[in-house]
Amino acid sequence: MSPRPGFPITHTSSHRSLSDALRAVRSREEQETLLGDEDEELADPDGCLRAYAGPQQVFVPDPHAGLPVYVSIHRIRRIVLASIDDPYTMDQLKEPRMNVLIVKPLVDRLYDPDDVSIVYCLLVNRVQFLREQSYQHHHQSVNVTRANLCELLAMKILRRFDEDVTGRPGLLLLANILVAGFDPFQNAPHEVCEEVPFARMSLISRGGYEGKSNALEISIISESKMFLSSTACQKVVDAVYYGRVVYTPNAFIDIIPDNYKHKPISLYDPRKAPLLNQYRLIVPRSRNIIEVCQFVILLLLYCLCMAHRDHTRFTGYEVCFVVYAAGWVLDEFASMLEHGWHVHTQNLWSFLDITFVVIYIVYLGMRLHGWIVGNLGECRQALDILAIAAPILLPRLAFNLMPENMLFISLRAMMADFTALSLIAVWCFGGFLLAMKWLSMGNTHVDPEDAPNSITISKWMLWIWFGLDGTGIQESPTFHLILGPALMTTYAFLGNTLFLTILVAILSNTFSKIAADATAEIQFRRTVLTFEGVKSDAIFAYRPPFNILALLILVPLKFLISPRWFHKVNVFAVRVLNAPILVLICLYERRYLWKSKKMGPNGPSKKGKASWWSLSSFNVHADIQAVFESEPPQSVVDRIEEEDEIEDAILENSFAAAREASPATQVRRRRFSSVWQG
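Residues numbered from 1 in each chain as written. Predicted model: local features only at pLDDT ≥ 70, side-chain atom pairs only at ≥ 80, totals over all residues. Heavy atoms only, no water.

Within an unreviewed UniProt entry, the label attached to the protein reads Nonselective cation channel, and the organism entered is Lophium mytilinum.

Student: Would you mind showing me how to read the UniProt feature "transmembrane region" (unreviewed entry) in the protein here?
Tutor: In this structure's numbering, the residues bearing the UniProt feature "transmembrane region" (unreviewed entry) are residues 289-307, 314-330, 350-370, 419-439, 488-507, 546-566 and 572-589. Between the first and last C-alpha atoms of residues 289-307 the distance is 27 Å; the span itself is 100% helix and 0% strand. Helix makes up 81% of residues 546-566 and strand makes up 0%, while its end C-alpha atoms are separated by 17 Å. (UniProt positions renumbered as here; feature names shortened; annotations may be inferred. Helix = DSSP H or I, 4+ residues; strand = E, 2+ residues; numbered from the N terminus.)

Student: Got a minute to help me understand helix H12 (residues 231-242) in this structure?
Tutor: Helical geometry: 3.6 residues make up each α-helical turn, so side chains three or four residues apart lie on a common side. Counted at 1.5 Å a residue, the expected span for H12 with its 12 residues is 16 Å, and the 16 Å between its end C-alpha atoms agrees. Of all the positions in H12, only Ala-232, Cys-233, Gln-234, Val-236, Val-237, Ala-239, Val-240 and Tyr-241 are classed as buried. Residue Gly-243 follows H12 closely and has a positive phi angle near 90°. (Expected span 1.5 Å × (residues − 1). Buried < 20%, exposed > 50% of the residue type's maximum accessible area, 1.4 Å probe, protein only.)

Student: I would appreciate a short explanation of the packing of aromatic side chains in the present structure.
Tutor: Each aromatic ring pair is specified by the distance between its two centres and by the angle formed by the two planes. What the rule picks out here adds up to 18 aromatic pairs. When the centroid spacing of 6.1 Å and the interplanar angle of 80° are considered together, the rings of Phe-351 and Phe-399 count as edge-to-face. One end of the pair, Phe-351, is in helix H15 (residues 350-373); the other, Phe-399, is in helix H17 (residues 390-401), with 48 residues separating them in the sequence. A residue is classified by how much of its surface remains accessible, and Phe-351, at 29% relative accessible area, is partly exposed. Note on Phe-429 and Phe-432: the rings are 6.0 Å apart at their centroids and 70° apart in plane angle, and the pair reads as edge-to-face. In this pair, Phe-429 and Phe-432 both sit in helix H18 (residues 406-442), three residues apart, roughly one turn of the helix. For the pair Phe-429 and Phe-432, one class covers both residues: buried. Following the ring pairs from residue to residue traces out a cluster consisting of Phe-295, Tyr-302, Phe-321, Trp-328, Phe-356, Tyr-360 and Tyr-363. A cation sits over an aromatic face here: Arg-160 above Tyr-111, 5.3 Å from the ring centre. (Phe/Tyr/Trp six-rings, centres within 6.5 Å; stacked < 30°, edge-to-face > 60°. Lys NZ or Arg CZ within 6 Å of the ring centre and 35° of its normal.)

Student: How do you make sense of the pattern of salt bridges when you look at a structure like this?
Tutor: When the charged atoms of two side chains with opposite charge come close together, those side chains can pair. Following the criterion strictly, the structure yields 14 salt bridges and no others. A salt bridge links Arg-160 to Asp-108; the shortest N-O distance between them is 2.9 Å. With Arg-160 in helix H6 (residues 140-164) and Asp-108 in helix H4 (residues 96-110), the pair connects residues that are 52 residues apart, well separated along the chain. Linking Arg-525 and Glu-521 is a salt bridge whose minimum nitrogen-to-oxygen distance equals 3.3 Å. Note that Arg-525 and Glu-521 are positioned in helix H22 (residues 518-533) at a spacing of four residues, about one turn of the helix. The pair Arg-525 / Glu-521 is uniform in exposure class, with both members buried. Within this structure, Lys-104, Asp-108 and Arg-160 form a network of salt bridges that share partners. (Salt bridge = Lys/Arg side-chain N within 4 Å of Asp/Glu carboxyl O.)

Student: Just to check I follow, could you spell out the packing of H12 against helix H13 (residues 284-307) for this structure?
Tutor: Any two packed helices are characterised by the angle at which their axes cross and by the distance between the axes. Between H12 and H13, whose axes approach to 5 Å, the crossing angle comes to 55°. On the basis of their axis angle, the class for H12 and H13 is oblique. Note on element contacts: H13 touches H12 through Pro-284, Arg-285 and Asn-288, opposite Val-240, Tyr-241 and Tyr-242. Across the contact of H12 with H13, the residue classes break down as four nonpolar, one polar and one charged. (Axes fitted to C-alpha atoms, helices over the stretch in contact; angles between N-to-C directions. Parallel < 35°, antiparallel > 145°, perpendicular 65-115°, else oblique. Contact = heavy atoms within 4.5 Å. Nonpolar A, V, L, I, M, F, W, Y, C, P; charged D, E, K, R; others polar.)

Student: Where do I start with a nonpolar patch on the surface in this structure?
Tutor: Judged by side-chain polarity, Phe-546, Leu-549, Leu-552, Ile-553, Phe-572, Val-576 and Leu-577 come together as a nonpolar surface patch covering roughly 660 Å² of accessible area. Counting only elements with at least two residues in the nonpolar patch, the list comes to helix H23 (546-558) and helix H24 (563-577). Its location among the elements puts Ile-553 in helix H23. (Patch = residues over 30% accessible without salt bridge, like charges linked within 9 Å, V, L, I, M, F, W, Y side chains within 5 Å. Areas by Shrake-Rupley, 256 points an atom, 1.4 Å probe, with all protein chains shown as cover.)

Student: Whenever I open this one, the side chain of Lys-212 confuses me. Can you help?
Tutor: Looking at the element boundaries, Lys-212 is found in the loop between helix H9 (197-205) and helix H10 (215-221). Under the relative-accessibility criterion, Lys-212 is labelled buried at 11%. The residues contacting Lys-212, other than those within four sequence positions of it, are Asp-62, Gly-181, Phe-182, Asp-183, Gln-186 and Asn-250.

What follows is the structure, encoded as structure tokens:
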């Protein structure tokens, strides 16, 4: 394997020393006491690790800072524009003819084993082509084709990286490709920085790792579901989800920023980690379990609060619910700021969380205002508003427990289509409401006081819409003897027949599209859950309602002490408040994080006593799985390669003999002999 600048695993001595220095730094950080002294100078015995250590931040320099990201982005754009002039579907781009003529030559041209940013650059171009598609309708289909080509190239290049480097070094390489942060203006020419204000601001404000995006984030916002469902991408997603690959994410906005230390992308070894490792709280699997437990507590407090509701006073259950729910809402608000609104709304249950946040804020405002002014009616209304949160909270728990269920995945998309079509229908059918209201006002045969009001007419129309009751048709002559029945009958045909038929057709089409590519849709949601689960904001390390105290104490404290001591105080508080959780996580991961008990992130570990009571031993076919859990020794590999060389030579001789003995070869030989003799 050739040396890879920007990738920490190589066979050169200088990069070996860099890797040793990085491990020494990580080991030293992990073995620190809760409030022990942290030296500002990191261990660098060979002088090859130029880690920045100062009063503001401690981090190793970006190993990918020298990659020409800006040049690669525009190079890819020029190549794609020159390659695609006509619209093609994704299936057409995958055909063998297109693969030979366009896709494979571009993959060979763009693939560079020393450049891990090429996948990021391709996905950035996909986002741009999709943006142009929404504004330039005359080139709409062509831009969609170009965007699809960028996604296809990114998938194939990532697969080639995966094929070139296997094992755990390959996993670390793929992780660097997908989760390493890049800046679109990285290494841009000086004149670009002078002419483009955003580039100049970007270079000034984005020092180190802050404010950068990665390929995984770009693929989510561009909804590159085919790329995300690829085997190489899912390998990294699973490793990040279970915590085998660790990295420090980049947040859009931090409420409690603690960026004093930046951990590079690496493989996690739980046996060398401390017992209380606060960084394991940002592992997506651990955080997902913790969030489910937090929501169950919120749901129980909500049920107790509503079961013992008393609008005349604050009960103990209601106080507990208000305080805990405030911490839960703060956690949800921080999640929106962490990766931005676009990424957050891609979560399967985000619309339920946002709806509950709105209901809770309205309830809390009315409840406090009614309690302060002594208005019991307003307090009763506040509890009535809180009661409508039940249809939100109960389904949300089902979404948490079954996030990969096709019913819930399709329900989210179908709800969006239903809401959009219903709003359009209400807008269009509002004319019927106004017409019948004005007809009833002009009817001289009916007393104005007995004429139906707008609410009654709307109720009749709603019943007709859903086919529940025909009262509106019976009462239509009260509007006008001729025009009233004509309007109501026309509305019944349009609303109850035509609209519902269109609605059912659209929802069926939406479900069919999702079900046709269920695997890609499920893996896309899994990727969103994984990416959003890796948090950098320190507020996520505090469970509700302790995050409220952290917000009130740590935010002012950050302006009073140095970042180094703020980091110490934050780590101490997190470890104390989460000590039982951290101990359980550590004990579990030391045994089950890496599937093979004989393999760790750095290779084979020391042999221990056989676990005869292991649950896997009760599996009848456990030996089939066990044979693939460890890599074969080098002697077996050499034997396989030796036998393959012999078999290849035998097969080549057989094919040569078969070609010589084929009738076509004999005919060509006779023709050549006759021509030569003639």
